[in-house]
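Examination of the molecular architecture
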Amino acid sequence: MKQRPRRLRRTESIRSLVRENNLNTSDLIRPVFAAAGKSQPEEIPSMADCYHYPVEYLPGALAEPVELGLEAILLFGVPEIRDSEASRAYATDGITQRAVKKIKNTYPGLTVITDVCLCAFMDHGHCGVVRGDRIDNDASLKLLGRVARSHAAAGADFVAPSDMMDGRVNYIRSQLDENGHTDTGIISYSAKYASSLYGPFRNAADSAPEFGDRCSYQMDPGNAREALKEVRLDVKEGADIVMVKPALAYLDVIRRVKLEIDRPLAAYNVSGEYAMIKAAANAGYADEKELMFETTLSIKRAGADLIITYWADELLKLVAN
Ligand code: PBG
Ligand code: ZN
């Protein structure tokens with residue numbers, strides 16, 4: 001027998017020498033929830049170990065992960081007031097804008113990405129402007145452009161539109177450029193599927209749609225080829241980094257985008273994927289840290305350059321050196 005693959009598995013040292021993929025601190029993006037109208041951090045009931053933070057608590061919450069090498073956060077603002085124009089989404093003193101300023105003041109070198117969407121700020125919970133029973137694409141663009149501009153003005157390094165309206169990357173890019181924000185980048189949620197795996201997050205952001213669903217704007221789970229169309233459009237419109245979301249249930253899509261598109265690729269390991277593993281670990285079916293590491297590595301192996309994960313802090317502890 002000339003070939004004995006097990007020779008390369010004999011010791012941990014050899015295994016690590018021939019390991020094809022590994023996680024680095026700079027692969028990880030940590031979601032952060034900044035909540036208006038709270039005086040204390042509050043654990044999010046549907047997402048164990050994740051918290052809603054008042055703005056003043058954000059620097060403290062990020063101290064340890066930044067120390068361990070965290071390079072980037074994805075910031076979600078959770079407002080107190082919702083209305084039919086999502087006016088708190090683009091207010092100068094809105095929750096996201098205040099959080100960006102606070103974080104950039106404390107950690108100027110930390111890359112701050114802001115989620116740009118309307119659902120958490122709209123009284124009806126949809127990601128766009130509602131007209132009758134429809135979502136008005138082009139009216140939504142106007143508001144999304146205002147949101148992106150206000151995040152850039154507050155100091156965001158990247159804006160990340162997650163609404164799935166057509167043409168929003170192009171519109172946001174031109175709005176940013178016309179207002180002097182030529183250095184603010186766009187990470188586009190390009191292939192975002194209409195997924196049940198967002199359940200725990202919607203609970204956290206109180207952003208579930210009041211009527212209907214998101215199937216007229218988010219992608220159909222049966223489609224993989226269409227993801228390439230969406231990603232190519234976003235690249236043409238000026239996206240700097242593209243994204244596939246969710247991650248674990250769409251590893252094939254991550255692979256395809258990686259092979260076809262010459263842009264950095266992010267993948268979002270979403271709240272439902274996180275919650276399933278937490279539940280399995282809590283039930284004693286498997287070890288949480290092992291599941292966390294193996295599944296996150298699978299996203300990297302599939303082709304993601306960047307991984308947005310609620311385990312970022314835990315993973316940093318494992319991979320930092
Ligand atoms: C808002 C938004 C959602 C998520 C990120 N931004 C929810 C949705 O589209 O309904 C999901 C994140 C997660 O589940 O972890 N557009
Ligand atoms: Zn939304």
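Residues numbered from 1 in each chain as written. Chains lettered and ligands numbered in written order. Predicted model: local features only at pLDDT ≥ 70, side-chain atom pairs only at ≥ 80, totals over all residues. Heavy atoms only, no water.

Remarks on helix H2 (residues 58-68)
Of all the positions in H2, only Leu58, Pro59, Ala61, Leu62 and Pro65 are classed as buried. Along the axis of H2, the buried positions cluster into a sector of 150 degrees, meaning they face one direction only. Summarising the geometry of H2, the exposed residues directed more than 90 degrees from the buried face are Gly60 and Glu67. Among the residues trailing H2, Gly69 stands out with phi positive, at a value near 115 degrees. (Buried < 20%, exposed > 50% of the residue type's maximum accessible area, 1.4 Å probe, protein only. Helix = DSSP H or I, 4+ residues; strand = E, 2+ residues; numbered from the N terminus. Arc of directions from axis to C-beta.)

Some words on unusual backbone geometry
Along the chain, Lys245 connects to Pro246 via a cis peptide bond; the corresponding omega equals -5 degrees. Following the sequence through the fold, Pro246 ends up in the loop between strand E10 (241-245) and helix H8 (251-260). The backbone phi angle of Ala86 is positive, close to 55 degrees, even though this residue is not glycine. Within the secondary structure, Ala86 sits in the loop between strand E4 (72-78) and helix H3 (95-106). Positive phi is not limited to glycine here, since Met164 has a value of about 70 degrees. Positionally, Met164 belongs in the loop between strand E8 (158-161) and helix H5 (168-178). Given the relative accessible area of 4%, Met164 is considered buried.

What to know about the coordination of the zinc ion (ligand 2)
Around the zinc ion (ligand 2), the donor atoms from the protein are Cys117 (SG), Cys119 (SG) and Cys127 (SG), and they sit 2.2 to 2.3 Å away. Each of the four donor atoms bound to the zinc ion (ligand 2) contributes to angles spanning 98 to 118 degrees, and the resulting shape is tetrahedral. Spacing between the donor residues of the zinc ion (ligand 2) along the chain follows C-x1-C-x7-C. Classification of Cys117 by relative accessible area gives buried; the value is 5%. (Donors = N, O, S within 2.8 Å, 3.2 Å for Na, K, Ca; no water. Tetrahedral: all angles 85-135°; square planar, octahedral: opposite > 155°, others 65-115°.)

Overview of the site of ligand 1
In the neighbourhood of ligand 1, 18 residues make up the surrounding shell, with Lys192, Arg202, Lys245, Ser271 and Tyr310 lying closest. With respect to ligand 1, the side chain of Tyr310 contributes an N or O atom lying 2.6 Å from an oxygen atom. Across the complex, the protein chains shield 100% of the 400 Å² of accessible surface that ligand 1 would expose by itself. For the shell around ligand 1, the class distribution of residues is 10 nonpolar, three polar and five charged. (Near = heavy atom within 4 Å. Polar contact = N/O pair within 3.5 Å; in protein donor to acceptor, adjacent residues only side chain to side chain. Areas by Shrake-Rupley, 256 points an atom, 1.4 Å probe, with all protein chains shown as cover. Nonpolar A, V, L, I, M, F, W, Y, C, P; charged D, E, K, R; others polar.)

Overview of H5
All buried positions along H5 are accounted for by Arg168, Val169, Ile172, Arg173, Gln175 and Leu176. Axial view of H5: buried residues confined to an arc of 165 degrees, hence all on one face. The inward-facing, buried residues of H5 abut strand E5 (111-116), helix H4 (137-154), E8, strand E9 (185-192) and helix H7 (225-237). Of the residues one or two after H5, Gly180 is the one with positive phi, at around 80 degrees. (Contact = heavy atoms within 4.5 Å.)

Things to note about the packing of aromatic side chains
The relative placement of two aromatic rings is captured by the distance of their centres and the angle of their planes. Tallied over the full model, the rule gives 10 aromatic pairs. Where Phe33 meets Phe201, the ring centres are 5.7 Å apart and the plane angle is 50 degrees; that geometry is what we call tilted. Of this pair, Phe33 sits in strand E1 (residues 28-35) while Phe201 sits in helix H6 (residues 199-205), and the two are 168 residues apart along the sequence. Its relative accessible area of 16% is what places Phe201 among the buried residues. (Phe/Tyr/Trp six-rings, centres within 6.5 Å; stacked < 30°, edge-to-face > 60°.)

Focus: a nonpolar patch on the surface
Taken together, the side chains of Leu8, Leu17 and Val18 define a hydrophobic patch exposed on the protein surface, amounting to about 300 Å² of accessible area. As for its position among the elements, Leu8 is in the segment before helix H1 (12-18). (Patch = residues over 30% accessible without salt bridge, like charges linked within 9 Å, V, L, I, M, F, W, Y side chains within 5 Å. Salt bridge = Lys/Arg side-chain N within 4 Å of Asp/Glu carboxyl O.)

A short note on the pattern of salt bridges
Taken as a whole and judged by the stated rule, the model has 17 salt bridges. For Asp27, the salt bridge is made with Lys300, and the minimal N-O distance between the two is 3.0 Å. Of this pair, Asp27 sits in the loop between H1 and E1 while Lys300 sits in helix H10 (residues 288-302), placing them 273 residues apart in sequence. Among the residues examined, Asp27 registers a relative accessible area of 6% and is labelled buried.

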